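Fold and contact review
So you can see what is in the structure, the chains are spelled out below.
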Amino acid sequence: MGTYDAFLRVNRQMLPHVECVIRLGAPMTSKTLNLYTADSYIYTIDGENSYREPQMQTGRIIEGRIEDVLTGLSEALNPLPTESDPDWYPFWFRQHETIMNLLRERLTEPGEASEPYLYYHLCDWLRNAGSAEVFVSNSMPVRDLDTFTQDPDDSLRFWGNRGANGIDGIVSTAMGIAVRTDRKQTILITGDLAFYHDMNGLFAAMKYRLNVLIIVVNNDGGGIFSFLPQGQLEEQEFESLFGTPHGLNFEHAALLYQAAYRRASTLGELRRGMEELLSTRGLRILEWRTPSRKQNVALHNSFWI
Ligand SMILES: Cc1ncc(C[n+]2csc(CCOP(=O)(O)OP(=O)(O)O)c2C)c(N)n1
């Protein structure tokens, strides 16, 4: 259910208590989901030979190939020893449908330009361009991808640099993916600060003629901080410490590193910019100038019904 991050933000006390979670592989990135299941008993099935349980939650780690453990489980539980709750799945499906309807209503063109729009339409746009690696930067891109992206399939492979969640080395990581991939496209989606932080990484793309499309979601600063408690600070203090607007025009970076460049401010420009740049090769930069960071928070909040 691709919309869980949105519907779990509703008053969580209204949702049923989850007694037990079976987790397959790496920890979930969604803070909302982790908070919701914080006191559930967790079985982690992991074949990575490491203790990947950063929440230190009560539970058990089962080491082994996920396929083998699941096959064993389904054999052991056939027939099911207890009755299952017939409303469990329909309940969650109704939550999912509510958010899906909202997304359709708000993120279909014509509508207001907004950061989630890019993620909502991403798979459709990329599918037409063939197989792709999609690397998303930390901060809002990885969260928005998780919340708004619909219907991914095997033609797309997603990457993120989690762990310390730094916004450093993002451009260079995308270049590393582009060097090794056998897929048609490598796409990087990054915020403007993360892009700026590692702009030198573009040199490798120019020198080795790498095939990368970079979408810079430019909200002129650190968009994530407006969602956090410091967003309540007095404006001037917030902007100088957290918002950190730079006013840079990234067309000049494109010129410096001989990249094809498009700028988009409206939804139509974004769609056309994607179409045009996906049909060519080499280093390409699409600068998506989004509405203000404050508007971005208001739009996100409108989904957490
Ligand atoms: C190396 C490093 N420095 C600082 C931070 C703290 N930090 C987290 S998010 C963020 C802002 C990122 O802004 P941007 O890349 O434009 O993305 P947005 O928040 O707008 O989505 C910063 C500075 C970090 N995560 N890593």
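Before reading further, recall that the structure is shown in the block above.
Below is a summary of the structure that appears in this document. (Residues numbered from 1 in each chain as written. Predicted model: local features only at pLDDT ≥ 70, side-chain atom pairs only at ≥ 80, totals over all residues. Heavy atoms only, no water.)

For strand E4 (residues 132–136) and strand E5 (residues 156–160), the ladder comprises five bridges, and the chain directions are parallel. Directly across from Phe135, in E5, lies its bridge partner Trp159. Taken together, E4, helix H6 (residues 140–148) and E5 form a β-α-β motif whose crossover is right-handed. (Pairing = 2+ DSSP bridges. Helix = DSSP H or I, 4+ residues; strand = E, 2+ residues; numbered from the N terminus. Right-handed = clockwise from strand over helix to strand, strands pointing away.)

Now for the pattern of salt bridges. In total, this model carries 11 salt bridges according to the counting rule given. Across the pair Glu235 and Lys294 runs a salt bridge whose closest N-O atoms are separated by 3.1 Å. Taken together, the residues Glu235 in helix H10 (residues 235–243) and Lys294 in helix H13 (residues 293–303) connect sequence positions 59 residues apart. The exposure class assigned to Lys294 is exposed, which follows from its relative accessible area of 59%. Of the charged contacts in the structure, one is a salt bridge between Arg262 and Glu276, with a shortest N-O distance of 2.5 Å. Residue Arg262 is found in strand E8 (residues 260–264), and its partner Glu276 is found in helix H12 (residues 267–278); the two are separated by 14 residues along the sequence. (Salt bridge = Lys/Arg side-chain N within 4 Å of Asp/Glu carboxyl O. Buried < 20%, exposed > 50% of the residue type's maximum accessible area, 1.4 Å probe, protein only.)

All right, on to the site of the ligand then. Taken together, 17 residues are adjacent to the ligand, and Ser139, Leu193, Ala194, Gly223 and Ile224 come closest. Contacts to the ligand include Asn165, whose backbone N or O atom sits 3.3 Å from a nitrogen atom. Contact distances for the ligand include 2.9 Å between an oxygen atom and a backbone N or O atom of Leu193. In isolation the ligand offers 580 Å² of accessible surface; the protein chains occlude 76% of this area. Elements with a minimum of two residues in the shell around the ligand: H6 and helix H8 (192–197). Along the lines of polarity and charge, the residues of the shell around the ligand split into seven nonpolar, eight polar and two charged. (Near = heavy atom within 4 Å. Polar contact = N/O pair within 3.5 Å; in protein donor to acceptor, adjacent residues only side chain to side chain. Areas by Shrake-Rupley, 256 points an atom, 1.4 Å probe, with all protein chains shown as cover. Nonpolar A, V, L, I, M, F, W, Y, C, P; charged D, E, K, R; others polar.)

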